[in-house]
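Report on the structure
Each chain is listed here by its residues.
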Amino acid sequence: MSESDNPAAALRAAVRERRMPGHPTRRALLESGDPALARQAGRILKDLAVDGERPREVDVAVLATCTVGPFEPLLRAQLVGAGLLPTLRSADYGTFGMTLATGSFTRDGDPGLVAVLLDAGYFLPGDFGAAEPDVLAKYVDARLEELRGLLAGALKHTAATVVVHTVPLPAQVRNGIISVRARAQVARSWYRLNAGLLALAEEHDQVVAVDLVGELAEAPVQACDVRLHRYGDLPYSDDALLLLARLVRRVAQARAGLSRKVLALDLDNTLWGGVLGEAGPQGVQVGGLYPGNCYTELQRTVAGLREQGVVLVLASKNDRDQVEKVLTEHPDVLLRPEAFSVRMVDWSAKAGNLRRAAEALSLSTESFVFMDDSDFERAQVGDELPEVAVVSAAGDPAHLVDSLLRHGWFDVMALTDTDRKRPELYRNRALRGDFSSGFDSSEDFLRALDLKVEVTPATEYTIGRIAQLAARTNQFNLTGIRYDEAATRRMSEDAGHLVLSVSVADRFGDEGIVGALWVERTDEVWRVLNLVLSCRVLSRGVERAAVGRLADLAARAGARSVEGHYRPSDRNGVAADFWTGAGFTPAAFPQETETQVFTLDAATAKEIAPEWIALNERNGSPHE
Amino acid sequence: MSETGSIEESVREIIADVLGADPADIPADQALAALGWDSMNSMEALVRLEKQFSVDLDLRSFHAAYTVTDMVALVEKF
């Protein structure tokens, strides 16, 4: 029996062996819609501890206006499914208002994520006249205002990301009002409440709002089991709580930088209907009526993902020329050849092709999603590359779009300009791979690249991207401190700190912001609290150019030295020798920390930057 | 009779799952209260029993069921 057939046994084994459950089990947890399995899984995983290489950890506090009940195990199972190692703590029953008022979500320390569980009872008056919809509407408005105030206060005391959700109006309330006009009025005030809850995310960077009501509308589940509501103040059914746990997990996943970046697609019976080799270029189904319109919708959806920064890879066993012909000439095809950053059209095994595509893009197969209708191809990829998320395109083509989108593989916290340009960047990136094989030495290659690096203070427009880099960068991440958007903004506005973004361009294109530095500055010393650089620009000297620029700025400001920090993690060994390589001298270990400290005389700054890089001088104030 | 046997087996399995115990450790006439049965896991068992047997139980009679045997009787009434 395979791991995914009996997740409970596989989870018990993982807990016993103190390791993360394997990819198939985690995928089964993520994709299962069975709350009984999820509750059981969540219970087993309560004891999960991990030795050796540690996965990304997430510290979650749950705060509820009702009984938290099964929400905690359900959320735990989802988070582990996403590859996170969670610590979950629920606030005591009945302490919702108090916890928000004090802003202290747990007894020991600030959590990274707060999941707020809201129910209709919180917003409804205890008894209301069904004949007076105005009174009810006013009460609901007032409760929302109260929550808004409490939340704003709480956010001053925490740096956590707070997730709130929309709340369904119970049918018992709606149907208790017999005037159809008054009923519409109450429904309208309820929609206003939900709009207000969603708006909290626009009012505060730290707040994320998810639409539980929207999920419930399309899921074949009951929102509430009235018996459990009356008996145990459990206003949501297990099915509804599982939907919410998934929404919160998608936020946690995006926040931890675990979103997927690449979508690899099959052609025959996935992007179009029929088999090209049999039906011929005019015979494939796309456009027109069913089933052609299903494939058109999928192509439209995929094009939309690409516009939002998802890199597309074609993985098809077909005749290359024939595929080019259809993609270029077929009037109903929406995804033209250039939409794909890499096209792997041949007769080799798909797992190998995906691996080669990952190499060409300098991305890990961990960031891949693969969609194919063939059981054989999906199994082959799933076996060889278990880290790839495999999506089935089998069955009725009307389900294609939903199958692709349902699990939120590509969710990100916010789109940045770099996200939108990514497919183009990576197409250039794949071209650059070809280019580099034609040079005698790497220095010749680097010189021919015509690298330009720009180091500038963070601005309102770049803070989002900088925080995203902090969340996503594992390898060239010198201290592992992941400053989020709020912390980065605070530091960029503070006179004692400086946040710099690093952008790179070369003859193939503009890579955009690929790195960042968080610096504490005093009159004497500028201290680099963390430096991260995307692995796609590593081994080009960009990191040294960036630190050279920083040291130059420090020297001009009159500081005597620059201090660099390095804290080893399981993943950042590639950066271990960075500071000494750049001419810094190791200092004695301070106190009893694992952080190593290096210093450099600010005056010698100029010598650090490699000669093949042109440093773009631009002196901006942090608020330009 | 054999049907009752398989119902009992399923009921016992669900209860064991919910309690995190081995089905073999739950005698049919053992009072569940002695095994860590509380309001939260009893609600979980209720939902699972209803789904498994496609029944809709009255919470009052469910609360009056103290053993596996009682619960089998409850499910069989449908």
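Note on numbering: residues in each chain are counted from 1, in written sequence order. Numbering of ligands from 1 and lettering of chains from A proceed in the order in which they are written. Residue-level local features of this predicted model are given only where pLDDT is at least 70; pairs of side-chain atoms are given and counted only at 80 or more, and the full residue set underlies all totals for whole chains, interfaces and linings.

The name given to chain B in an unreviewed UniProt entry is Carrier domain-containing protein, and the organism recorded there is Streptomyces osmaniensis.

**A short note on the overall build of chain A**
Rule in force here: Starting at the N terminus, helices and strands are each numbered in turn, a helix being any DSSP run of H or I of at least four residues and a strand any DSSP run of E of at least two. We compute the radius of gyration over the C-alpha atoms and compare it with the globule rule, which gives 2.2 Å times the number of residues raised to the power 0.38. Remark: residues whose backbone-derived C-beta atoms lie within 7 Å of one another are considered to be in contact.
In terms of regular secondary structure, chain A is built from 24 helices and 18 strands. The C-alpha atoms of chain A give a radius of gyration of 27 Å, which matches the 25 Å a tight globule of 624 residues would have. Considering only C-alpha atoms, chain A reaches an extent of 80 × 70 × 50 Å along its principal axes. Across chain A, the fraction of contacts at a sequence separation of at least 24, relative to all contacts at a separation of at least 6, is 72%.

**Section: the sheet that holds strand E15 (residues 561-566) of chain A**
All names here are of chain A. Using the following cut-off: Paired strands, as defined in this entry, are two strands with at least two bridges between them according to DSSP. Orientation is described by lines fitted to C-alpha atoms, with helices fitted over the stretch in contact, and by angles between N-to-C directions that extend from 0 to 180 degrees.
What the eight strands build is an open sheet, ordered E16-E17-E15-E14-E13-E12-E11-E18; its pairing is mixed. Looking at strand neighbours, the two that pair on one side only are strand E16 (585-586) and strand E18 (613-616), the edges of this open sheet. Relative to strand E17 (residues 596-601), E15 runs antiparallel, the two sharing six bridges. Across the sheet, the residue bridging to Glu 563 is Thr 599, located in E17. Its contacts with the sheet place helix H21 (residues 463-472) against strand E12 (497-506), strand E13 (509-521) and strand E14 (525-533), and it is angled at close to 80 degrees to E13.

**Notes on the interface of chain B and chain A**
Rules: Classes in brief: Ala, Val, Leu, Ile, Met, Phe, Trp, Tyr, Cys and Pro nonpolar; Asp, Glu, Lys and Arg charged; the others, Gly included, polar.
The partner chain A presents 12 residues to the nine residues of chain B that form the contact. Residues that form the side of chain B that touches chain A fall into these classes: four nonpolar, two polar and three charged.

**Section: the environment of Leu30(A)**
Residue and element names in this part refer to chain A. Formally: For the exposure call, what matters is how many other C-beta atoms sit within 10 Å of a residue's own: 20 or more marks it buried, 12 or fewer exposed, and in between partly exposed, using C-beta atoms placed from the backbone.
In this structure, Leu 30 sits in helix H2 (residues 23-31). Accessibility expressed as a C-beta count within 10 Å gives 22 for Leu 30, which makes it buried. For the pair Leu 30 and Gln 596, spaced 566 residues apart in sequence, the C-alpha to C-alpha distance is 39 Å.

**What about the sheet that holds strand E6 (residues 262-265) of chain A?**
Residues and elements named next belong to chain A. With parallel pairing, the five strands of this open sheet are ordered in space as E8-E7-E6-E9-E10. The open sheet has two edge strands with one neighbour each: strand E8 (342-345) and strand E10 (389-392). Pairwise comparison of adjacent strand axes, ignoring direction, gives a mean angle of 20 degrees for this sheet.

**Focus on the nonpolar core**
All names here are of chain A. Using the following cut-off: We define a nonpolar core as a collection of buried residues of the types Ala, Val, Leu, Ile, Met, Phe, Trp, Tyr and Cys that are connected via C-beta atoms lying within 7 Å of each other. In this document the domain limits rely on a domain assignment from an automatic tool or a database.
The biggest cluster of nonpolar side chains holds 148 residues, and the ones touching the most others in it are Val 62, Val 502 and Leu 550. With nine residues, helix H12 (residues 238-255) is the largest single contributor of residues to this core. When residues are assigned to domains, this core turns out to be shared by domain 1 (54-255) and domain 3 (440-616), each giving three or more. Those residues in contact with Val 62 that sit more than four places away from it in its chain are Val 68, Phe 71, Glu 72, Leu 88, Ser 90, Ala 91, Ala 115 and Leu 117. Core analysis: the second largest hydrophobic core is formed by 50 residues, Val 302, Leu 335, Val 381 and Ala 393 among them.

**Some details on the confidence of the model for chain B**
As a note on interpretation, predicted positions should not be read in detail where pLDDT is low. Residue and element names in this part refer to chain B. Defined as follows: pLDDT is a per-residue confidence score from the predictor, ranging from 0 to 100.
On average, residues of chain B score 89 in pLDDT, and 95% of them are at 70 or above. The least confident element of chain B, judged by mean pLDDT, is helix H1 (residues 2-19) at 85; the most confident is helix H4 (residues 68-76) at 93. Interface predicted TM-score (ipTM) for the complex: 0.84; the corresponding pTM is 0.75.

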